[in-house]
Amino acid sequence: MTAAGRAYVLTGADGRSYLGMAPGTLGGYRRRRIYGRLDCPSALRAIAAGGYVRHRVFFADEPAALAAGYRPCAVCLPEKYRKWRKSG
């Protein structure tokens, strides 16, 4: 537990969950292996519609998301998505 009495479930570079001392900085969708900003309009729409939540994961940072095999979101991270797309 953190000093404030809260632990956060994050996804590590190996794709496994672990307890972290701080909340994640990025959210992801496990089924499609996409990561993006926590305020991503596309993710927020999906959550509001009642989907997505069961498969939501959180990452401490972008290197962890990439190492776990997730790709950038085309909606909230368009430049990173284009770069990722060109590299693949």
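Our subject is the structure listed above.
Right, let's walk through the structure included here. Given the structure is predicted, the values throughout are model-derived calculations rather than measurements.

Analysis parameters
Residues numbered from 1 in each chain as written. Predicted model: local features only at pLDDT ≥ 70, side-chain atom pairs only at ≥ 80, totals over all residues. Heavy atoms only, no water. Helix = DSSP H or I, 4+ residues; strand = E, 2+ residues; numbered from the N terminus. Rg over C-alpha atoms; globule rule 2.2 N^0.38 Å. Buried < 20%, exposed > 50% of the residue type's maximum accessible area, 1.4 Å probe, protein only. Contact = heavy atoms within 4.5 Å. Salt bridge = Lys/Arg side-chain N within 4 Å of Asp/Glu carboxyl O. Pairing = 2+ DSSP bridges. 1 Å grid on protein atoms, 1.4 Å probe; cavity = no way out; pocket = protein on both sides within 12 Å on 5 of 7 lines; lining within 4 Å. Points joined across faces, edges and corners; volume = space filled by probe spheres on them. Nonpolar A, V, L, I, M, F, W, Y, C, P; charged D, E, K, R; others polar.

**Description of the overall build of the protein**
The helix and strand tally for the protein stands at 3 helices and 6 strands. Ordered by position from N to C terminus, the α and β elements of the protein give β-β-β-β-α-β-α-β-α. Computed over the C-alpha atoms, the radius of gyration of the protein is 13 Å, within 12% of the 12 Å expected from 2.2 N^0.38 for a compact globule of 88 residues. The C-alpha extent of the protein, read off along each of the three principal axes, is 40 × 30 × 20 Å.

**Topic: the side chain of His55**
Residue placement: His55 occurs in the loop between α1 (41-48) and β5 (56-59). Overall, the relative accessible area of 17% leaves His55 in the buried class. The contact partners of His55, leaving out residues within four places of it in the chain, are Gly28, Tyr29, Arg30 and Arg31.

**Some thoughts on the pattern of salt bridges**
Should the charged atoms of two oppositely charged side chains come close, the side chains can pair. Summed over the entire model, instances satisfying the criterion amount to 3 salt bridges. In this structure, the salt-bridge partner of Arg37 is Asp39, at a minimum N-O distance of 2.7 Å. In this structure Asp39 comes out as partly exposed when scored by relative accessible area, which is 46%. For Arg82, the salt bridge identified is with Glu79, shortest N-O distance 2.3 Å. Of this pair, Arg82 and Glu79 both sit in helix α3 (residues 78-87), separated by 3 residues, roughly a single helical turn. With a relative accessible area of 43%, Arg82 lands in the partly exposed category.

**Overview of the pairing of strand β2 (residues 17-20)**
As judged from the 4 bridges shared by strand β1 (residues 8-11) and β2, these two strands associate in the antiparallel manner. Across the sheet, Thr11 pairs through a bridge with Ser17, a residue of β2. Hairpin connection, β1 to β2: the antiparallel pair is bridged by 5 residues, and Gly15 has positive phi, about 85 degrees.

**Considerations on the layout of surface pockets**
The volume enclosed by the largest pocket comes to roughly 250 Å³. Lining the largest pocket are 18 residues, with Ile34, Ser42, Ala43, Tyr52 and Cys73 positioned closest to its centre. Among the elements of the structure, β3 (26-29), β4 (34-37) and α1 are those that each provide at least two residues to the lining of the largest pocket. Here the lining of the largest pocket is composed, by residue class, of 10 nonpolar, 4 polar and 4 charged.

**Quick look at unusual backbone geometry**
Within the chain, Arg33 stands out as a residue other than glycine whose phi angle is a positive 55 degrees. Relative to the assigned elements, Arg33 resides in the loop between β3 and β4. Using a relative accessible area of 36% as the deciding quantity, one classes Arg33 as partly exposed.

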